[in-house]
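# Structural overview
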Amino acid sequence: MGKRKGKKIDVWLISVIILFLLTRLIISFTSFRYADGEEAVYGVMAKEIIERGDRPLLCWGQAYSGACAIHGYLATLPYFLFGNITFTVRIFNILFSLGTVIFSYFFVKKFFSRKAAILASLLLIFSSDFFIKFNLIHFPYMLTLFFQITIALVFFGIIHKGRKSWRNFALFGFLCGLSLYSLELIAPFLVLCAFFWFLHDNKFFLKKSFVVFLLFLIIGLSPLIYYNATTNFANVKQFFAGTIFHKAACEFRIIPQEIDFNGRTVNHCELFSTTRRGNSPLVFISKMVPELYGRGIVGIINYGMIVLLTLFLVIVMVKDEKGIVTLKKVKKIILKKESFIILFTVLFPFADFFSGFADTRHLLPLFPFVQIIISLAVLKIYDSKSKIRKAFASLIIIVMIISFAIGYIQLLNDKTDYDETEVIRFLNENGIKNVYTTTFIQWRLVFQSDEDIIASCNDICPPPPRYPLFDAMVESSAEFAYVFIPGHLNENQLNDYLAAEMISFKKEILGNRAIYYDFSRIVRPSEFVKDERTVYGE
C-alpha cells in the first residue's frame, strides 16, 4: 500500500505570517512603544472588568462601538498575565490585523487565483504607513476589516460557489450581526452584500435560508439588543452613529435629537455635527483619500495608480463581453466577482464623504479590497504577451515597494508623545493623584500609572463622560492638577481665567505637557471652558 499523502504546507502563507509579524513588531517596539489614548481605554477597561467586575457592552461613554468592549474582554487575559503594558492592549490588534491578511489570502486564492492571493497579501504587508500604524492601534477599525473579509469569504461561497447549506447562512447572519454590533462603520458593506444577494436571487427573502440568516443575525446582534432594552433604546436613537445614515436621520429629524445618557441629556445630533468638520470635494479627493496610501506625493502617486488600475479592470470586464453592451450584459458584468470589490471601493468613499467626517481613518474599510484590485489588475497586465505591458506591471509593483520603504522609514523615525512617564513621576512627587485633562491624555495617564493617577475630562471633552466613576473621583477631590499641551485651546482658556480672577498657581512644563497645580482656590473646568464640544482628543 502506498503512503497516504498529507496536506502540503503552504510556504507562501507561512512567509506572509512571518513577514507581517516581523514588520509590525519592529514598529511596535521602536517608535510606537507606548499605548496611545484609544488603546489605553481598552487597557483600563480590562482592569475594571477584572478588578471591579465591570461588564461593558459598548465603549465607555458611548452608545455604540461594541468593538471597544470586545477588546476590553479580550485584553483581560494578557492584562492578568503581564499587567498594564503596551503589549496587553496591542497584541489583539496585531492578531486581528494578521487575521485580515490571512483571510484575504484565502479569499483571493479561492475565488480568483493563487498568484493574486500571494500578491494581495504581500501588498497588505508592505502597505502604506497609515495602514501599518493602524495595525497596531485602534482595534475597532481592524476588527471591522477582519469582519469584512471574513463575511466576504462566506458570502462569495454562497453566491458564487453554490454553498447554500444552512450552516453557511447561519455563519453569514451571525457575522453580519456581530460586525454591526462591533462598529456601525461596516453598515455600507452589509448594504452592498444585501444588494448583491438580491441580484443573484431576487426572491431570497422568501426562502428558509433567509429565515436562518435572520435568526443568526439576531444572535450576533444580541448584545446590542440587550443594551437597547436596558437603556431605553439609547443606541437605536442614535441610528448608526457616525455614519452617513446617522447624518441623514438627524437632518430629516427622523430620530430624537436628544437622549438621556449616563445621567446627562446629550444632543447627539449636535455633538456629531461639531465633530463633522467636513471637506470640500477637492480636499477630500486630493488630500484625505491619498493620505490613506502614503504621505504627501507618495500617497498621491499611489492613489493615482489605484484609480487607473480600477478603471483598467472595469474596461477589461466590459471588453470580455463582446459586442454591443445591453442591459443583460450589464447585469452579467455586475454579477462578476470583481464587480462587488470594485463597487465597494468606489462607493464607500462617497458614503464616508457624505457622512461629513474629515478623518482618514474612516476610509480604512477600503482595505484589503484595494489591494485585491491592484493584484487582479497587475496580473492581467502582466499576463499580456506585450513586453511593454509586462514592464509596466513590474514598474507598478516597484513603485509600491519603494513607497512602502519610504513610509516604513518615516514610521521608524516618528516621535510619538504617548509616553506620560515624566508627568506621572512629577504628579506623584507632588502628591497629586487627580487630574483634569483632555480625552486621550486622560486615558494614557490612568493606564500608564495603573490607576495611581485618576484623570477626568468632564466639562473639557465632549459629553457624555467616558467613565463616570473616574469623573466623580476627580470631582470630589480638592487637590488636583490640570495637564494640557502647551498652546492648547483649553490651556489658553485656563490661563485667561486664572489671570482675570487673580488666582495664584504653580506651573511646570515637561516636554510637550503643561501642568497647572497648587491653586489658591479650587477651579473646576466648568468655570473656564467656554464650549466643551469644540475640542476633542488631545
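Structural data are supplied above this passage.
Residues numbered from 1 in each chain as written. Predicted model: local features only at pLDDT ≥ 70, side-chain atom pairs only at ≥ 80, totals over all residues. Heavy atoms only, no water.

## Observations concerning the state of the cysteines
Throughout this description, disulfide means a covalent bond between two cysteine sulfur atoms. Considering all chains together, one arrives at 2 disulfides under this definition. The disulfide bridge from C59 ends at C68, spanning 2.4 Å between sulfur atoms. Handedness here is read from the sign of the S-S torsion; for C59 and C68, about -70°, the answer is left-handed. We classify C68 as buried; its relative accessible area is 5%. Here C457 pairs with C461 through a disulfide, and the sulfurs are 1.9 Å apart. Taking the sign of the S-S torsion, about 55° here, the bridge from C457 to C461 comes out right-handed. Residue C457 is classed as buried on the basis of its relative accessible area of 2%. (Disulfide = S-S within 2.5 Å. Buried < 20%, exposed > 50% of the residue type's maximum accessible area, 1.4 Å probe, protein only.)

## A look at the packing of helix 9 (residues 166–182) against helix 11 (residues 208–230)
Packing of helix 9 against helix 11 brings their axes to within 7 Å, and their N-to-C directions diverge by 30°. Taken as axis vectors, helix 9 and helix 11 run roughly parallel relative to one another. In this structure, helix 9 crosses over helix 11, and the sense of that crossing is right-handed. When helix 9 is examined against helix 11, the residues W166, F169, A170, F172, G173, F174, C176, G177, L178, L180 and Y181 are found in contact with a partner set consisting of S209, V212, F213, F216, L217, I219, G220, L221, P223 and L224. Partitioning the contact of helix 9 with helix 11 into residue classes produces 17 nonpolar, 4 polar and no charged. (Axes fitted to C-alpha atoms, helices over the stretch in contact; angles between N-to-C directions. Helix = DSSP H or I, 4+ residues; strand = E, 2+ residues; numbered from the N terminus. Parallel < 35°, antiparallel > 145°, perpendicular 65-115°, else oblique. Left-handed = near helix turned anticlockwise from the far one by under 90°. Contact = heavy atoms within 4.5 Å. Nonpolar A, V, L, I, M, F, W, Y, C, P; charged D, E, K, R; others polar.)

## A look at helix 17 (residues 337–355)
Along an α-helix, residues three or four positions apart point the same way, because every turn accommodates 3.6 residues. Helix length check: helix 17, at 19 residues, gives a terminal C-alpha distance of 28 Å against a target of 27 Å (1.5 Å per residue), a fit within 8%. A maximum bend of about 25° is found in helix 17 at L347, where proline P349 lies one to four positions downstream. With its phi angle positive at about 95°, G356 sits one or two positions after the end of helix 17. (Expected span 1.5 Å × (residues − 1). Bend = angle between axes of the 7 residues up to and from the residue.)

## Looking at the pattern of salt bridges
By the definition in use, this model includes 20 salt bridges. For K433, the salt bridge goes to D452, with nearest N and O atoms at 3.1 Å. You can see K433 sitting in the loop between helix 20 (421–429) and strand 3 (434–437) and its partner D452 sitting in the loop between helix 21 (439–448) and strand 4 (454–456), a full 19 residues away along the chain. On the basis of relative accessible area, K433 is assigned to the partly exposed category, the value being 34%. It is possible to trace a salt-bridge network through shared partners that takes in D10, K109 and R114. (Salt bridge = Lys/Arg side-chain N within 4 Å of Asp/Glu carboxyl O.)

## Some details on the packing of helix 8 (residues 139–160) against helix 9
The packing of two helices is summarised by the inter-axis angle and the distance between the axes. Contact geometry of helix 8 with helix 9 gives a least axis separation of 10 Å together with a crossing angle of 160°. Taken together, the axes of helix 8 and helix 9 are roughly antiparallel relative to one another. Relative to helix 9, the crossing made by helix 8 is left-handed. Only N168, F169, L171, F172, L175, C176, L178, S179 and S182 of helix 9 make contact with helix 8, whose side of the interface consists of L143, F147, T150, I151, V154, F155 and I158. Residues of the contact of helix 8 with helix 9, tallied by class, amount to 12 nonpolar, 4 polar and no charged.

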